[in-house]
Amino acid sequence: MPRESYPYVEATLPRAAEYDFPPLLELKPPPLPTTLPALPFPQRSPSWLSPEWHHSTHIVPAAYPRIGPAFDLPQPPPFDASATKAERRKVLVEVEARFRELREAEKRAKKGQRTDLLWICLNRYVRRRRDREGVTLFLAHANGFNKETWEPMIRSLLARKHNVSEIWVWEAVQHGDSAILNEGKLNSMFHWHEAVRDLLHFLVHYLPSEIVDELPVHVPRIPCRQYVARFAHGFKSRKLAVVGHSFGGGVTTLAALYHPALFSSLILVDPVILYPKPPYATRDGNSNTLAVDALGRRWIWRSKDEARSQLLLSPFFQRWHPDVLTAYIEHGMYETPDGNVALKMSPVHETVLFSDTWTGGEEAWVRLHRGELDERIEIRWIFPGRGERELGAPGQTQLRAWLRKANSSNVLVDGSGHLITHEKPDALAEEIAMFVHRKYDNKGKL
């Protein structure tokens, strides 16, 4: 039975031409150290993965130089069991206000002066035998979630008729294994353009020109003449479909706006693309609810079993598919030196990312509305079902679905909220498989 979709509605935006956004800082070759970092955890062979497929984890340098300066980031207050819920909330709001002050300082600071080298971890899944070159999927996650939370969706996708030969799953610098590699160097107010540059840096400089069976842990940089041509003309021997969820959807959209030649389609899973405030308007000074909630999130437990028990007390986690929760616990947490278990991404860095939600989300909305995305790039929007809480004000999801009328379509996943990847991985896999098969498969099943 076909799923529901939003009918066309015209999205209006007064004074659209007056919005101005900073340019994307130029990517420069990073100075690589003599000794490259090792993976923070051993390579693994997922038990669910068919023998026809191979899994590996890889490291590449993040974009260089970094945009923002270093700051002394506020830390969440220690949990006070004697305080009331309202008292704890008041303290968190006060700490979040300091993040907003730093965000304003970051906007005023000179860009591109920081030369710390950061690293990105990615998971790769490749078909061992390929009758012909199929599609490469590139997956970008939501804020706060490690790359392995995509695996229940990937498992479901690979069990269906599909024409996918390779999947890359990206992990932003402060998430999961990337966060472990970058420990001690994440003291900035991370602008969303950092993530856009990190993503483009991999696609332009490190994604191999063709699908190959084996790759070293540190993916080699492609030759200069190849990446110059790639910037201008895209991929010669690849069919690349990019999937972005939430934060990842906003980042991939911005990446496609800045360098459209690299993209042929965007599958946007309830992306953080938000209706903007009027141009030149100042922020209202109210606290960012998502940032406050992130600051108050528990992130250390005595064991993974305790973590699972505590998480399942929350309606937020109760909606998740059990296998996604397991992937979050098994691969999004690590054992600390004192024997506890902690999230690889700390509440501080989740808060930093939420504090820039409006910057990246508004830019994507405005530029899509102004028709700046190449109409050659097909968009497939995947949204929560009817009656679920929307990103932004009620009614904005339908407007978002039609920011660009040409070469766009949308579908609603019944029974899912914003975290479609986590709550309905099978339904998401079905939608991705159908889209990729329709768009890229002209010769039948691989």
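Here's what I pulled together on the structure shown here. (Residues numbered from 1 in each chain as written. Predicted model: local features only at pLDDT ≥ 70, side-chain atom pairs only at ≥ 80, totals over all residues. Heavy atoms only, no water.)

Description of the overall build of the protein chain
This is how the line gets drawn: A run of DSSP states H or I qualifies as a helix once it reaches four residues; a run of E qualifies as a strand once it reaches two. Both are numbered from the N-terminal end. Using C-alpha atoms as the atom set, the radius of gyration is obtained and then compared with a globule rule of 2.2 Å times the number of residues to the power 0.38. Burial classification: accessible surface area is computed with a 1.4 Å probe over protein chains only, and a residue below 20% of its type maximum counts as buried, one above 50% as exposed, and the rest as partly exposed. The contact criterion used throughout is that any non-hydrogen atoms of two residues lie within 4.5 Å.
Check the secondary structure of the protein chain and you find 15 helices and eleven strands. Scaling as 2.2 N^0.38, a compact globule of 446 residues should have a C-alpha radius of gyration of about 22 Å, and the protein chain matches this with 21 Å. Over its C-alpha atoms, taken along the principal directions, the protein chain stretches across nearly 65 × 55 × 50 Å. Counting the 446 residues in the protein chain, one finds 56% classified as buried. Taking the contacts inside the protein chain whose residues are at least 6 apart along the sequence as the reference set, 85% of them involve residues at least 24 apart.

Considerations on the packing of helix H8 (residues 304-311) against helix H10 (residues 322-332)
To keep things clear, this is the line we draw: Axis angles are defined between N-to-C directions and span 0 to 180 degrees, where every axis is a line fitted to C-alpha atoms and, for a helix, only to the segment in contact. An angle counts as roughly parallel when it lies under 35 degrees, as roughly antiparallel when it exceeds 145, as roughly perpendicular when it falls between 65 and 115, and as oblique in every other case. Handedness of each helix crossing follows the sense of rotation of the near helix against the far helix: counterclockwise by less than a right angle gives left-handed, clockwise gives right-handed.
Between H8 and H10, whose axes approach to 10 Å, the crossing angle comes to 140°. It follows that H8 is oblique to H10 by the angle criterion. Relative to H10, the crossing made by H8 is right-handed. Judged by residue contacts, Lys-304, Arg-308 and Leu-311 of H8 engage Leu-325, Thr-326, Tyr-328, Ile-329 and Glu-330 from H10.

Regarding the layout of surface pockets
Put simply, the rule is: A 1.4 Å probe that fits but cannot get out identifies a cavity on a 1 Å grid over protein atoms alone, an open set with protein on both sides within 12 Å along at least five of seven lines counts as a pocket, and a residue lines either if it has an atom within 4 Å of a point. Grid points are joined across faces, edges and corners, and a volume is the space filled by probe spheres set on the points.
Size it by volume and the second largest pocket reaches roughly 280 Å³. Along its surface, the second largest pocket is lined by 15 residues, and Glu-183, Tyr-334, Lys-344, Ser-346 and His-349 are the ones closest to its centre.

Overview of empty space enclosed by the protein
In plain terms, the rule: In the scheme used here, Gly and all other residues not listed as nonpolar or charged are polar, with Ala, Val, Leu, Ile, Met, Phe, Trp, Tyr, Cys and Pro taken as nonpolar and Asp, Glu, Lys and Arg as charged.
Under the counting rule described, the total for this entry stands at four cavities of 30 Å³ or more. Each pocket or cavity is described by its volume, and for the largest cavity that value is around 120 Å³. Residue lining of the largest cavity: 14 residues in total, with Leu-118, Lys-185, Leu-186, Ser-188 and Phe-190 positioned closest to the centre. By residue class, the composition of the lining of the largest cavity is five nonpolar, four polar and five charged. In this structure, the second largest cavity spans a volume of roughly 50 Å³.

Concerning unusual backbone geometry
With an omega of -10°, the peptide bond between Tyr-64 and Pro-65 qualifies as cis. For Pro-65, the position within the fold is in the loop between strand S1 (53-61) and helix H1 (85-108). In this structure, Ser-246 is a non-glycine residue whose phi angle is positive, near 60°. By the secondary structure assignment, Ser-246 is in the loop between strand S5 (239-245) and helix H6 (247-258). By relative accessible area, Ser-246 is classed as buried at 8%. Of note, the phi angle at Asp-270 is positive, near 35°, even though the residue is not glycine. Tracing the backbone shows Asp-270 in the loop between strand S6 (265-269) and helix H7 (289-295).

A short note on the side chain of Thr-351
Within the secondary structure, Thr-351 is located in helix H11 (residues 347-354). Thr-351 gets classed as buried once you look at its relative accessible area, which sits at 1%. When neighbours within four sequence positions are excluded, Thr-351 is seen to be in contact with Phe-99, Ala-291, Ala-294 and Leu-295.

Some words on the side chain of Arg-400
Keep this limit in mind: Positive residues here are Lys and Arg, negative ones are Asp and Glu, while His and the chain termini are left out of the count. By definition here, a salt bridge exists when the distance from a side-chain nitrogen of Lys or Arg to a carboxyl oxygen of Asp or Glu is within 4 Å.
Here Arg-400 lies in helix H13 (residues 396-401). Here Arg-400 is buried and forms no salt bridge, its nearest opposite-charge partner Asp-270 lying at an N-O distance of 4.3 Å. Setting aside residues no more than four positions away along its own chain, Arg-400 makes contact with Asp-270, Pro-271, Ile-273, Leu-274, Trp-365, Trp-381, Phe-383 and Leu-391.

With respect to the pattern of salt bridges
Under the defined criterion, the tally for this structure stands at 36 salt bridges. In this structure, Lys-111 and Glu-106 form a salt bridge, with 3.5 Å as the shortest nitrogen-oxygen distance. The exposure class assigned to Lys-111 is partly exposed, which follows from its relative accessible area of 31%. Between Glu-431 and Arg-380 there is a salt bridge; the shortest N-O distance is 3.4 Å.

As for the pairing of S6
In plain terms, the rule: Two strands qualify as a pair provided DSSP detects at least 2 bridges between them. The definition of a right-handed crossover adopted here requires that, viewed with the strands pointing away, the path from the first strand over the helix to the second runs clockwise.
Counting buried residues in S6 gives five out of five residues, a clear majority hidden from the surface. With burial as the criterion, each face of S6 is covered, one bearing Ser-265, Ile-267 and Val-269 and the other bearing Leu-266 and Leu-268. Two elements, S5 and S6, share five bridges in a ladder whose sense is parallel. When the bridges of S6 are listed, Gly-244 appears paired with Leu-268. Read from S5 through H6 to S6, the crossover connection turns out right-handed.

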